[in-house]
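Residue-level listing of the chains:
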Amino acid sequence: MSDNREQWGSKLGFILAASGSAVGLGNIWKYPHMAGQNGGAAFTIVYLVCILIVGLPILLGELAVGRNTQLSPVGAFTRLAKGSNWKWVGFLGVASAFVILSFYGVVGGWTLRYTIYSLFGGFESLSGNPDASGEVFNNFISSAINPIIWQLVFMAVCMGIIIKGVKLGIEEGAKIMMPLIIIILGVLVVRGLTLEGGSEGLNFLFKPKFSDLTPSSIVLALGHAFFTLSLGMGTMITYGSYLDKKQNLINSAIWVILLDTAIAMLAGTAIFTIVFAMGADPSAGAGLIFVVLPTIFPQIGGGLVWGTLFFFILFMAALTSAISILEVITAYFIDEKGWSRQKATLLFGGVITFVGVFCSLSMGSFNITTALDISFFDFLDELSSKYMLPIGGALTGIFILNKWGIGLFLDEIKIGMEHINLDWNFVKNISNILFIVSALIVCLIIFNELTALVLGISLQEMAGL
Ligand code: TRP
């Protein structure tokens, strides 16, 4: 460990940066429509259980590995398991970061474009017309140049913040953006709830409909628990590596989970109260945000402001997540190759942006994965969220159980908790069970996806569910 390795400036700064990583498109865009379509509160309950039994152990595991070694994933696994193949889990994380950021940066560009588009009154002409809005959206994402320009701007901002460093860039950025996201979301929730008929949206999102809950929605909830907490590619190892030994990791992990969950619920509330009040289609799925919302914002008083604020928080949420993804790569080249922060960020941020250009083009006429019958954009999305992240997460769990050992893991957790009286034997037993359960569950998801891929039918379909 080098003496001048950067560290977070404060506990609050770390919690905001880590929750900034967690809070992203997953919370504001994915969670609301998934919950809406899969049984409302019934889905939310399953999702919360998944967060607690799968998310919390792996999150703590990643933070502990990072803080213990003060290294990013490749170095961390190498240090804790010398001469073994575990370092490949670290490399898998770096590879996942490449894959994810390539398409995440493209969507980040869309959020920026929609913020500006709303600000200049662009939604006005879409009012009450989902067909026109769908056309505008499709024309935009499939055009050759326009989305790429926005993607370049988004990636440039992301790189600019990373180059400033852990404390002055990532932490300061999160300290500004996270409170803004929370405050603006709060205002949007109040706006939604005070619209006539808005409370219908609450029923849709929070009333449990257990009949809508299928086994595949359970698999969905599990996968999402993982994605939303940024697990499985060493993001939290990297962020944990900038922590000092004074912090209580359990307390920090719980804060990150609480903020992440609260923001997902607030986003769902804001979106569905507005959707219901305006009589729009709540089951629009993935197109809800970019297609349906622009048609209803102009219909509410001060719609220009609300629409702009909404896309602005979506942009900030995407940005703080993108930063955490790029930091995994930057930290690898700083730690393992001795590169400067600036060189690593510019070079690999540039490469990722370049790959991202092909993702963007694949929504239009130029797709390099036509042979696979899928757009390059979807290909990278599925590759990472269905395979790379769950595999990385399961291996991290197995690493802690089998290689590092629950005992050493807990020794790391104990640091910063000296003043708290806990029955550590009990904690050890619980941790053992949790890690086994979470690794098993994640393996099951991966197996399910693989059978679906190879045999064309997933396990749950085979079981007739
Ligand atoms: N958690 C983010 C979201 O909800 C996405 C994200 C950021 C992520 N870093 C990650 C996902 C690392 C997996 C791994 O949108």
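Residues numbered from 1 in each chain as written. Predicted model: local features only at pLDDT ≥ 70, side-chain atom pairs only at ≥ 80, totals over all residues. Heavy atoms only, no water.

> In this structure, what is going on with the side chain of Thr 369? I would like to understand it.
When you line up the elements, Thr 369 lands in the loop between α15 (341-361) and α16 (376-404). The exposure class of Thr 369 is buried, given its relative accessible area of 7%. (Helix = DSSP H or I, 4+ residues; strand = E, 2+ residues; numbered from the N terminus. Buried < 20%, exposed > 50% of the residue type's maximum accessible area, 1.4 Å probe, protein only.)

> I tried to follow the packing of aromatic side chains on my own but got confused; where do I start?
The description of an aromatic ring pair rests on the distance of the ring centres and on the angle between the ring planes. Applying the stated criterion to the full structure yields 38 aromatic pairs. Seen from their ring centres, Tyr 114 and Phe 290 are 5.2 Å apart, and the 75 degrees between their planes marks the pair as edge-to-face. With a gap of 176 residues between them, Tyr 114 in helix α5 (residues 87-119) and Phe 290 in the loop between α12 (249-277) and α13 (293-296) connect regions that are remote in the sequence. For the pair formed by Tyr 114 and Phe 290, the shared burial category is buried. Aromatic ring contacts, followed pair by pair, group Phe 103, Trp 110, Tyr 114, Tyr 117, Phe 123, Phe 137, Phe 140, Phe 290, Phe 297, Phe 310, Phe 311 and Phe 377 into a single cluster. Sitting over the ring of Phe 227, Lys 30 keeps its end group 4.3 Å from the ring centre. A cation over a ring is seen here: Lys 343 above Trp 339, with NZ or CZ 4.1 Å from the ring centre. (Phe/Tyr/Trp six-rings, centres within 6.5 Å; stacked < 30°, edge-to-face > 60°. Lys NZ or Arg CZ within 6 Å of the ring centre and 35° of its normal.)

> Would you mind going over the site of the ligand with me for this structure?
For the ligand, the set of nearby residues contains 17 residues, the closest of which are Ala 22, Gly 26, Tyr 104, Phe 227 and Ser 230. A distance of 2.8 Å is found between an oxygen atom of the ligand and a side-chain nitrogen or oxygen belonging to Tyr 104. Ser 230 places a polar side-chain atom, nitrogen or oxygen, 3.0 Å from a nitrogen atom of the ligand. Computed on the free molecule, the ligand has an accessible area of 360 Å², of which 100% lies beneath the protein chains in the complex. (Near = heavy atom within 4 Å. Polar contact = N/O pair within 3.5 Å; in protein donor to acceptor, adjacent residues only side chain to side chain. Areas by Shrake-Rupley, 256 points an atom, 1.4 Å probe, with all protein chains shown as cover.)

> Looking at this model, I keep getting lost on the environment of Thr 111. Mind explaining?
By the element assignment, Thr 111 lies in helix α5. The buried category is assigned to Thr 111, whose relative accessible area is 0%. Each C-alpha atom of the pair Thr 111 and Ile 313 lies 8.9 Å from the other, and the pair is 202 residues apart in sequence. Once residues lying within four places of it in the same chain are set aside, the contact partners of Thr 111 are Leu 25, Phe 290, Phe 311, Leu 314 and Phe 315. (Contact = heavy atoms within 4.5 Å.)

> What is the right way to look at a nonpolar patch on the surface in this model?
Residues Leu 450, Leu 453, Val 454, Leu 455, Ile 457 and Met 462 make up a contiguous nonpolar surface patch of roughly 580 Å² in combined accessible area. Element by element, the count of residues in the nonpolar patch is highest for helix α18 (residues 424-455), at four residues. By the element assignment, Met 462 lies in helix α19 (residues 459-462). (Patch = residues over 30% accessible without salt bridge, like charges linked within 9 Å, V, L, I, M, F, W, Y side chains within 5 Å. Salt bridge = Lys/Arg side-chain N within 4 Å of Asp/Glu carboxyl O.)

> Help me understand the pattern of salt bridges in this model?
Oppositely charged side chains can form a pair if their charged atoms are brought close together. Scanning the model with the defined rule gives 11 salt bridges in all. When the shortest N-O distance is used, the salt bridge between Arg 341 and Glu 327 registers 2.9 Å. Taken together, the residues span a long stretch of sequence, with Arg 341 in helix α15 and Glu 327 in helix α14 (residues 303-337) at a distance of 14 residues. Residue class for Arg 341 comes out buried when judged on its relative accessible area of 12%. Among the residues examined, Glu 327 registers a relative accessible area of 0% and is labelled buried. Here Lys 386 ties to Glu 382 by a salt bridge, and the two come within 3.6 Å at their closest N and O atoms. Of this pair, Lys 386 and Glu 382 both sit in helix α16, four residues apart, which is roughly one turn of the helix. When salt bridges with common partners are traced through the structure, they connect Glu 6, Glu 327 and Arg 341 into a single cluster.

None of this, on its own, says anything about what the molecule does.
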